[in-house]
Amino acid sequence: MYIRRLVPQMMISYLVIAGATWVGFNIGANDGANCVGACIGGGALGFRKAVLLGAAFAFVGGLFGTKVTATISQDVLLPSDLTPMAAAACLFAAGSVVALATTFGMPVSTSHATVLAMVGVGLGTKAHIEMANLAKIVSSWVILPVAMIGLSFLIITVLKSLLSRVSSLVNLEIILKYMLIASSMYASFALGASHAGLAGGMVEGAEILGRFGATLLGSFCIAAGVLFFGGRVIRTLAEGITPLSPVSAFAMQLSAAVGLNVCSILGLPVSSSQAIVAAAVGVGLAQRGTAVNSRQIAKIVVFWIVIPIGTFLATYLFFQFIGHHG
Amino acid sequence: MVGAKEKRAMEGINTHMKLVADCTTQLAKVYQLYVGGDPERYQQEAMRMREMEREADEVRRQVELTIYSGAFMPIYREDYLSLTELIDEVADGCLSAVNLLSLTRVRIPKAAVDRIAALIEKTIQCVDALRQCVSICLKDRRKAAEMAARVEELEESIDQDEFDLRSALYRMPIEGYDKLLLNDVVERIGSISDTAEDVSDRIVIMVSKRG
């Protein structure tokens, strides 16, 4: 109560907006790299052009992300429990922990971090958590990577068969180049569609902006994050997981984009980094004799587990603290 | 236009290859003038050979500039650059043989004249097979193995002829120093087809890399 008296309501609303902006930037910086990293690694586009186009498509995709916005704003915690204070705490916890991972160049899941932060708020404030919806979301986190491994395996197998019919070396390389660019842009679009709601959903849940306004804010911040902060993670993804041929890169990106797009249509907040890493594993498995960098994957998996637990603990402990001292 | 730079680079590679093949044909002409005892025409044609090699070099540089200006994805650029470099070495090999004749003025024994001419003739066929390999494989990569095999077959035959000729040269009743020089001439002619085979191998690798 003391803290709530200390911090005026208006300031909390600004904190929510700032937090949403912070999360959006981090999504762009961390997850945006998943979309353009393979394109740059495969050599289809230069760094700057890829990042610029990626940002543009992520912004446009974000405008189609209202279903995920709805899930975040009302399907995990009740709207009455998602107060501005709760929203601000979730956003700053998720944003800060993901930012820390970004400084290590590790692709981590903002979706997992955000949802677990909300669970932490729910448990910390003894609010009602929509367990059925939460179960649906968590099961999508398990189903998605498995589906991505299968889909990317299938795509690269079919693709190689189709491309073997292209007789001209030059035409083959031109086709590969533009396929890679197209898949990067689709992946960026799908990222925007699936992630704009992560930031925007809290803003809507806290009743600061309406659904479209909140989604627009999320889209803009993601695009800005891709444009200004994505360099280190892009380089990690471009070089670190499996040796990238244009065919592999295309299969990875297309699979991830399809997965994210489907989940955004279903309103499920899922991880783009999980999607692209799982797709990379599927591609590696399809290419007999190609080594998958299992050390790199193990490192990424550790961050996937540690980061959401970190955000859960951050918000849970925060609300436990203000519950005792506020 | 989509693929304009790539198509320009490919045309450049084909033009470069044709000029290099012309250098090999010129080698035969220069050799005939050398053994025919027409020093003035020999000098003219040897000079012409140097101009042709320079022209091939210039085309290669243009191809490289086109590639560096953004043709092909970076992952594949090195393949094309190595290819043009190797093709250029075929022309260098032809010029190297002519330069040796010009510098040393070595007398070629009658018994060796026709055999060296035959070796050059087979080298021309080998480089022509390479020219076809380059032209066809860049358009239809499925033919790479078959075309490269033809070049390899000719190269192996030239290797055998070269070995036989060098053995014969050492048994001929000529000065030891002339034997060494003639051996060097034959070796340089033989190395042209060796380089041609390297080019065809490079094409097969390029095609395999792209799956």
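Residues numbered from 1 in each chain as written. Chains lettered and ligands numbered in written order. Predicted model: local features only at pLDDT ≥ 70, side-chain atom pairs only at ≥ 80, totals over all residues.

### Side note on the overall build of chain A
The line we're drawing: Strands are runs of DSSP state E lasting at least 2 residues, helices are runs of H or I lasting at least 4, and numbering of each runs from the N terminus. The globule rule used for comparison is 2.2 Å times the number of residues to the exponent 0.38, while the radius of gyration itself is calculated over C-alpha atoms.
Across its full length, chain A carries 13 helices and 0 strands. Overall, chain A shows an N-to-C arrangement of helices and strands of α-α-α-α-α-α-α-α-α-α-α-α-α. Its C-alpha radius of gyration of 20 Å places chain A within 12% of the 20 Å reference for a compact globule of 326 residues. With the principal axes as the frame, chain A shows a C-alpha extent of 75 × 30 × 30 Å.

### A short note on the interface of chain B and chain A
Note the following rule: Residue pairs qualify as contacts under a 7 Å threshold applied to their C-beta atoms, which are placed from the backbone.
Taken residue by residue, the interface counts 18 residues in chain B and 15 residues in chain A. Of all elements in the fold, only α1 (4-36), α3 (74-104) and α4 (110-139) of chain B reach the threshold of two or more residues within the side of chain B that touches chain A.

### Section: the environment of Gly70 of chain B
All names here are of chain B. The condition that has to hold: Three classes are used. A residue is buried when 20 or more other C-beta atoms lie within 10 Å of its own, exposed when 12 or fewer do, and partly exposed in between, with C-beta atoms placed from the backbone.
Its place among the elements puts Gly70 in the loop between α2 (39-68) and α3. For Gly70, a count of 12 C-beta atoms within 10 Å gives the class exposed. Separated by 117 residues in the primary sequence, Gly70 and Glu187 place their C-alpha atoms 39 Å from one another.

### Observations concerning the packing of helix α3 (residues 47-62) of chain A against helix α9 (residues 211-229) of chain A
Residues and elements named next belong to chain A. Inclusion rule: Working convention: axes come from line fits to C-alpha atoms, limited for helices to the stretch in contact. Angles between N-to-C directions cover 0 to 180 degrees. For classification purposes, angles smaller than 35 degrees are called roughly parallel, those larger than 145 roughly antiparallel, those between 65 and 115 roughly perpendicular, and all remaining angles oblique. Each residue is assigned to one class: nonpolar for Ala, Val, Leu, Ile, Met, Phe, Trp, Tyr, Cys and Pro, charged for Asp, Glu, Lys and Arg, and polar for all the others, Gly among them.
Taken N-terminus to C-terminus, the directions of α3 and α9 make an angle of 170°; their axes are 8 Å apart at the nearest point. Considering the angle they form, α3 stands roughly antiparallel to α9. Contacts between α3 and α9 involve Val51, Leu52, Gly54, Ala55, Ala56, Ala58, Phe59 and Gly62 from the former and Thr215, Gly218, Ser219, Phe220, Ile222, Ala223, Val226 and Leu227 from the latter. Residues that form the contact of α3 with α9 fall into these classes: 11 nonpolar, 5 polar and no charged.

### A look at the nonpolar core
All names here are of chain A. Rules: The nonpolar core criterion groups buried Ala, Val, Leu, Ile, Met, Phe, Trp, Tyr and Cys residues into a set whenever they are joined through C-beta atoms within 7 Å.
Core analysis: the biggest nonpolar cluster contains 180 residues, and Cys90 and Leu91 have the highest contact counts within it. No other element matches the 18 residues that helix α8 (residues 169-205) contributes to this core. Sequence-distant contacts of Leu91, defined by excluding residues within four places in its chain, comprise Val16, Gly19, Ala20, Trp22, Val23 and Met202.

### Notes on α9 of chain A
The condition is simple: Multiplying 1.5 Å by the residue count of a helix minus one yields the expected span of that helix.
Between its first and last C-alpha, α9 of chain A extends 26 Å over 19 residues, near the 27 Å set by a 1.5 Å rise per residue. The set of residues buried in α9 of chain A consists of Ala214, Thr215, Leu217, Gly218, Ser219, Phe220, Cys221, Ile222, Ala223, Gly225, Val226 and Leu227 of chain A.

### Observations regarding the confidence of the model for chain B
Note: predicted coordinates in regions of low pLDDT should not be interpreted at a detailed level. Here is the rule we go by: Scored between 0 and 100, pLDDT is the confidence that the predictor attaches to each residue.
When the pLDDT values of chain B are averaged, the result is 94; 100% of them are 70 or greater. Prediction confidence for the complex, expressed as pTM and ipTM, is 0.82 and 0.77 respectively.

### Digging into unusual backbone geometry
Residues and elements named next belong to chain B. Positioned with a positive phi, Phe72 is a non-glycine residue whose angle comes to about 65°. Within the element layout of this structure, Phe72 appears in the loop between α2 and α3. Even without being glycine, Arg105 reaches a positive phi, approximately 50°.

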